[in-house]
Every structure is written in C-alpha cells, then in structure tokens.
There are 2 protein chains.
Amino acid sequence: MKVSKKAYYGLRASIALAQSDRPLSIRALAESEHLPEDYLEKILQTLRKAGLVEATKGVTGGYALARSPKETSAWDILHVLDGPIEMFNPPVKGALPCLQVSHCQTNQVWRTLEGKIEETLSDISLEHLSHNAR
Amino acid sequence: MKVSKKAYYGLRASIALAQSDRPLSIRALAESEHLPEDYLEKILQTLRKAGLVEATKGVTGGYALARSPKETSAWDILHVLDGPIEMFNPPVKGALPCLQVSHCQTNQVWRTLEGKIEETLSDISLEHLSHNAR
DNA sequence: ATAATTCGGACCAATTTAGTCCAATATTAG
DNA sequence: CTAATATTGGACTAAATTGGTCCGAATTAT
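Residues numbered from 1 in each chain as written. Chains lettered and ligands numbered in written order. Predicted model: local features only at pLDDT ≥ 70, side-chain atom pairs only at ≥ 80, totals over all residues. Heavy atoms only, no water.

Quick look at the overall build of chain A now. When helices and strands are tallied, chain A shows six helices and two strands. Ordered by position in the sequence, the α and β elements of chain A form the string α-α-α-β-β-α-α-α. Here chain A, with 134 residues, has 47% of them falling under the buried criterion. Total accessible area computed for chain A in this model is approximately 7,100 Å², and 50% of it derives from carbon and sulfur atoms. (Helix = DSSP H or I, 4+ residues; strand = E, 2+ residues; numbered from the N terminus. Buried < 20%, exposed > 50% of the residue type's maximum accessible area, 1.4 Å probe, protein only. Areas by Shrake-Rupley, 256 points an atom, 1.4 Å probe, with all protein chains shown as cover.)

What follows is the structure in structure tokens.
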C-alpha cells in the first residue's frame, strides 16, 4: 500500500503546471522541481495520453494542464500513474471467480477501499494544492 | 497504489482463523485456502511478531488470533503486512525536510490519504468479514 | 522416541519500478 | 532557410521490491 515515485513526481509536476500560465518544458520542470529529466518525460507522456496535460512542440513549447487546476484532482493524476487497486479483478467484469470464500470477502475490502480512496483524492484539486503552496 | 499478495494472503488467513475456535496449522491453512505454504509461514510470523496472532508449537499447535475477531480489523492486518504510505517520511518525525514547496503539498495528500485508509479499514472487523462469508 | 509443529535465517526467482538513451519529428525565432 | 529547442516513441538497463523456497533447530503432545 504505497505510492510510487512516478506518481509522486507526476503530482509534483502537475502542481507546478497548475501554478504556471504558460507551457513549461520538461527541462524547466525538472530543474525547478529537481526531478530526473528523462523519467519525468515518460511521466508527462503518460499524463498526456490520458488527456490530463497537453503538449506543444517546438521552441516555445512544453506542457500545460488540459483542464483548469480547479477541474483536475489528485485522483486524476495518481490513478493514471499508479493504476487502480486490483488484486484479482476478473478480466471480464461481472463474473467474479469466487472459488474461495475468503477471496470474495477480501474483494469486498478492496472495493470499499478503492471507493474511499477515489472519493478522498477526488476532493483534492490541483487548485487547492497550488494555492496552499503560496 | 496497490495491495500486495502478502497482504492478500494474510487477510485471507486471518479470516480463516477468525472462523475457527481451535488453532490452525500452517499446513491446514495453506490447504484450505490454497495458499503457498512456505510463504504463508513467513506471513504468519510477521503477524505474530506484531502481536496479532499467537502460535503454539508442537503436534497440536498452530496459529490463532490473539484478540477476538471483533477486536481485530482489516487495518490491523494490512497495515502490518503492507506498511504505511511513506514517500519521504522523515526518519525523525516532526521535522519535515520541506525544501521543495510542491513536495510539502504532496505530503499533505499522503497524510490525508492514509488517514482515510486507516479510518475505512479500521471499520472492517474480521468478525464482519467472517460472518458475511457464511 | 517420534511425529507434528513453529522458528529463524539464508537464499533465490520473478516482477515491478525507476531511470537512461537516442533517433525522429515538429515548431518557432531569427 | 536554418538553427535551436521541444516533444515522441521505443528500446534498453539497473535497482529495488515482492514472492517464494529451503532447511536445520527448537518445542511439544502422544
């Protein structure tokens, strides 16, 4: 039960983006946040593919949030980078392979847990996080 | 953001223990739950060192819950096996090494998150989980 | 005694995470 | 047009964690 560095870096970068009105290049982000540049690159690409940030190429290019900071939550970021909690979620939803009784019981725990996590993190917007930072 | 198999196995074993009034041997547990025996052994030892289960050696020995199922929660088990969420928790509590602003902001997120997780899982007792199983 | 059990530690394999590197492509400033 | 600055995409490697095994020693009921 642990948050990866990827998610940690990604959230920090997102907070930085939320505080800027212009696109920021990977280099600029990596420098100001002291994050490994090449790795951050991969992270931002993941966020872009998920539609959370937008990239523009070229000399004045860089990354910017796709939606406003108010409309982007910590959950959006973390869930894309760290994925959901999935122990043995069946490939096809609906058909739970419930051979062991205790297995099903734990499934119930994971579902409850993930629901709460989503609820909690969805309530934390990037706007909130970047305001508090000032 | 993910629950390990260790925690998954440990929780299942704990549910099984909650349903038994006699100590269960590792072998018996592993068989009934279809879990890898040698690995389960390590898990139960961890739980024992944390004071959650008690072991008795010898031919009629085995493991039993240290407290009643009602007084043992999913949080107790999972938190011991999967540890807390610690990104960059300072070795010495209280003195947060807050060089980067966004770093501190994320710390706030982790704390909030872990608080909610603890709250949620503490509410789920082994008794609850083993009753539903019937 | 002996069979069944936990204990403790060393060890290994597999997976995941973290991180690097580079050639290709796009864009803009000058 | 050209040079500089960006992202894109993919292959690759290194480090860490997780998952799992093995075994000899200690303990205890029969």
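Having seen the structure, we can now continue with the description.
The next point concerns the interface of chain A and chain B. Every contact between the two is made by 39 residues of chain A and, on the other side, 39 residues of chain B. Taking both sides of the interface into account, the surface hidden between chain A and chain B amounts to around 3,800 Å²; carbon and sulfur atoms contribute 69%. Remark: the boundary between chain A and chain B carries zero salt bridges. Where chain A touches chain B, the interface holds eight residue pairs in polar contact (both at pLDDT 80 or more). (Contact = heavy atoms within 4.5 Å. Buried area = accessible area lost by both parts, 1.4 Å probe. Salt bridge = Lys/Arg side-chain N within 4 Å of Asp/Glu carboxyl O. Polar contact = N/O pair within 3.5 Å; in protein donor to acceptor, adjacent residues only side chain to side chain.)

Turning our eyes to something else, we now look at the packing of aromatic side chains. Evaluation of the coordinates by the stated rule reveals four aromatic pairs over all chains. With 6.0 Å between their ring centres and 85° between their planes, Tyr9(B) and Tyr39(B) make a pair best called edge-to-face. In this pair, Tyr9(B) is assigned in helix H1 (residues 5-18) and Tyr39(B) in helix H3 (residues 37-49), connecting sequence segments 30 residues apart. An aromatic cluster is built from Tyr8(A), Tyr9(A) and Tyr39(A), whose rings are joined through pairwise contacts. (Phe/Tyr/Trp six-rings, centres within 6.5 Å; stacked < 30°, edge-to-face > 60°.)

The subject of this paragraph is the relation of the copies chain A and chain B. Relative to chain B, chain A is turned by 180° and slid 0.0 Å along the rotation axis, the superposed coordinates differing by an RMSD of 0.1 Å. Between the two chains, the operation in question is that of a two-fold axis. Residues of chain A ranked by C-alpha distance from the rotation axis are headed by Met1(A), positioned 2.8 Å from it. Comparing interface residues between copies, 100% of those in chain A also lie at the interface in chain B; the contact surface is shared. (Least-squares fit on C-alpha atoms with pLDDT ≥ 70 in both.)

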